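These are the residues of each chain, in order.
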Amino acid sequence: MRRIVLLTTGLARGGAEAQVVLLALNLSRRGWNVRVVSMLPPQAHEEDLRNARIPVLDLGMRKGIPDPRAIFRLAGSLREFRPHILHCHMVHANLLGRITRLLAPVPVLISTAHSIHEGHRWRDWAYRWTDRWCDLTTNVCRTGWERYVREGLAARDKAKWIPNGVDPGLFHRNEQAREALRREFAWHGRFVWLAVGNLLEPKDYANLLDAFARLPADSAASVLAIAGSGPLEGILTARIRELGVVDKVRLLGSRQDVPDLLQAADAYVMSSAWEGTPMALLEAAAAALPIIATEVGGTRDVVEHPRTGLLVPPRDPAALALAMRRLMTMSPRDRIAMGDAAQQRIHRLFGQQRIVRRWENVYNQLLETRAGASPNADASHGSLEGFSMAQILKRAIDLFSAATVLIVLSPLLLLLALLVRSCSPGPAFFRQSRLGRNGARFAICKFRTMYQNASDLRNPDGSAISLTDDPRVTPLGRFLRRTSLDELPQLWNVIRGEMSLVGPRPDQADQIRHYTTDEMAKLAMRPGITGLAQISGRNSIPWEKRKQLDRRYVEQWSLALDLSILFKTIPYVLLRRDVHQEQIHGIDDFRATGPESSGRIL
């Protein structure tokens, strides 16, 4: 059975949280083994999930207080459950999932942003820096997806727009519910505007109140109802009194009968300053209400102006008031036609089952591209690398050792970089696309040992050409290769989680076309700076033998084997055993020209 963990910042009554719950319930019905993990103590939805036999784990964090213990709690849960997919929702959960993957790797990690902006700029920086640990970043609105790609928060080939979905069946016309609520609130004979959303800054209810107060005197029969709670309630209450609309505006607080409220309303209004694809807007359209909304985030994806609603600029109360006035003066027939068109659009593009099927397709495609990560496979070492305590220790040793060596040798690294720059034109570092764990590509980092205009030459089988006195190698490069000092920058790849100290050699990205089925198995592990091939003869052994050693390492891996290889590597490096001039271990610098070999100028 396919296993998935949905990690969310919290379980409260909000649109993003509702999407997580809907996805969990639908995946469970489709045969997935689902777990939901909340960073904050759940405030809603927990009963619905437990009734569906979906376990809910609370990481016990407190809002606004960082707690590193959550990383280890989440890692422990992942090791125990061993999911095929970790799907994170909202910024804090997205970042927590990426960091935790360093301790408890999962075959596929997906991050979903639920707004075009998720807060302070440091969060954008954090997304950029941790993107390498994520297989796919999605945004619920097209504009947000475009911004993430444009500003480098996610690589274009690792980003998608997947909108929120809604269950249209919950919003059929219900005249009985409509009449009951209109009697309760004394709305008979009045035009009811409804807005739904927590009383927070992004919703910009001050803009809505200012617009509503601008409606002309002949709009006295209109009322505005706002369903939601939040920290701005006191400020908005004071603003209502200041504008003199106390008898026409009602703050309803947090409500659990939103479908009934939508039935009782005559039109829906959204005044947000920024958004993703707001669930309340989808629900209003599903309830066949005509809509007025600010043109932010994903609202243009939902509202087709002017057929299904009217769009206005954000933070412009005059434009919002004009649109509200225009809709109120439309004939009832035209308003009903607008609402029906909105409902049809929701059924066609945002139906819950359609969106869940789209997610399933994404999950399966990602699993298929990850070697050994078949959803039908058992979570053994070969298919789900990284869930044992030994794997956690391996990663901890990698991080501690690489960071320590980089810090201690930083003066030497700086000196070598300057020497490389001064001895031949070109960058100090050589970068090249290599195959990492699960087939992910990364840019390996080494000191440049060849002249900048070295040609790209290879044997027919993809191996490097062996030359006793390779003219492409600089004099300093020969020294760096003999001493293996050119490998030191790869410690940064280790810290980034792209490599390990010990593992199979990292082949060039295009070499995957030469792989046999057996050779694909080595992609289940991170490639290493050193490995069995390096302590078994390095360049003196044939190419096929080195590939066999890689397969043997993956099949027989243990922490003890790693430690043994590390200790045996030391004399090989110090005594320069089996190091020929071409230095092929890892298929070196055979693309010294081109975008990936240009490196970063030091």
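Residues numbered from 1 in each chain as written. Predicted model: local features only at pLDDT ≥ 70, side-chain atom pairs only at ≥ 80, totals over all residues. Heavy atoms only, no water.

Draft legend 1. Just a positive patch on the surface, in detail. On the surface, Lys 160, Arg 348, Arg 354, Arg 357 and Arg 358 cluster together into a positively charged patch. Looking at which element gives the most residues to the positive patch, the answer is helix α15 (residues 352-369), with three residues. With respect to the element layout, Lys 160 can be found in strand β7 (residues 159-161). Lys 160 gets classed as partly exposed once you look at its relative accessible area, which sits at 35%. (Patch = residues over 30% accessible without salt bridge, like charges linked within 9 Å, V, L, I, M, F, W, Y side chains within 5 Å. Areas by Shrake-Rupley, 256 points an atom, 1.4 Å probe, with all protein chains shown as cover. Salt bridge = Lys/Arg side-chain N within 4 Å of Asp/Glu carboxyl O. Lys, Arg positive; Asp, Glu negative; His and termini not counted. Charge placed at Lys NZ, Arg CZ, Asp CG, Glu CD. Helix = DSSP H or I, 4+ residues; strand = E, 2+ residues; numbered from the N terminus. Buried < 20%, exposed > 50% of the residue type's maximum accessible area, 1.4 Å probe, protein only.)

Draft legend 2. Region of the structure containing the sheet that holds strand β12 (residues 291-294). One open sheet holds the six strands; their spatial order is β10-β9-β8-β11-β12-β13, and the pairing between them is parallel. Every interior strand has two partners, whereas the edge strands, β10 (249-253) and β13 (309-312), have only one. When the angles between neighbouring strand axes are averaged without regard to direction, this sheet yields 20°. In the sheet, strand β8 (residues 191-196) pairs with strand β9 (residues 222-227) via six bridges, with the strands oriented parallel. Counted as the bridge partner of Trp 193 is Leu 224 from β9. (Pairing = 2+ DSSP bridges. Axes fitted to C-alpha atoms, helices over the stretch in contact; angles between N-to-C directions.)

Draft legend 3. Structural view of the nonpolar core. Residues Leu 194, Leu 262, Tyr 268, Leu 281, Ile 291 and Ile 346 are the most contacted members of the largest nonpolar core, which totals 37 residues. Where this core is concerned, the elements lending two or more residues are β8, β9, α10 (258-264), β11 (267-270), α11 (279-286), β12 and α14 (332-349). With sequence-adjacent residues up to four places away left out, Tyr 268 is seen in contact with Trp 193, Leu 194, Ala 195, Val 196, Leu 262, Ala 280, Leu 281, Ala 284, Leu 289, Pro 290, Ile 291 and Ile 292. Counting 34 residues, the second-largest nonpolar core is a separate cluster that includes Leu 491, Leu 532, Ala 533 and Trp 557. (Core = buried A, V, L, I, M, F, W, Y, C linked by side-chain atoms within 4.5 Å. Contact = heavy atoms within 4.5 Å.)

Draft legend 4. Focus on the environment of Trp 187. Relative to the assigned elements, Trp 187 resides in the loop between α7 (175-184) and β8. Placed 35 residues apart in sequence, Trp 187 and Ser 222 show a C-alpha to C-alpha distance of 9.0 Å. Other than its neighbours up to four places away in sequence, Trp 187 contacts Arg 182, Val 192, Val 223, Ala 225 and Ala 264.

Draft legend 5. Region of interest: the pairing of β12. Along β12, one buried face is formed by Ile 291 and Ala 293 and the opposite face, lined by Ile 292 and Thr 294, is buried too. Where β11 meets β12, three bridges bridge the pair, whose relative direction is parallel. Its bridge partner being in β12, Val 269 is matched across the sheet by Ile 292. In the sheet, β12 pairs with β13 via four bridges, with the strands oriented parallel. Note on β13: the bridge partner recorded for Thr 294 is Val 312.

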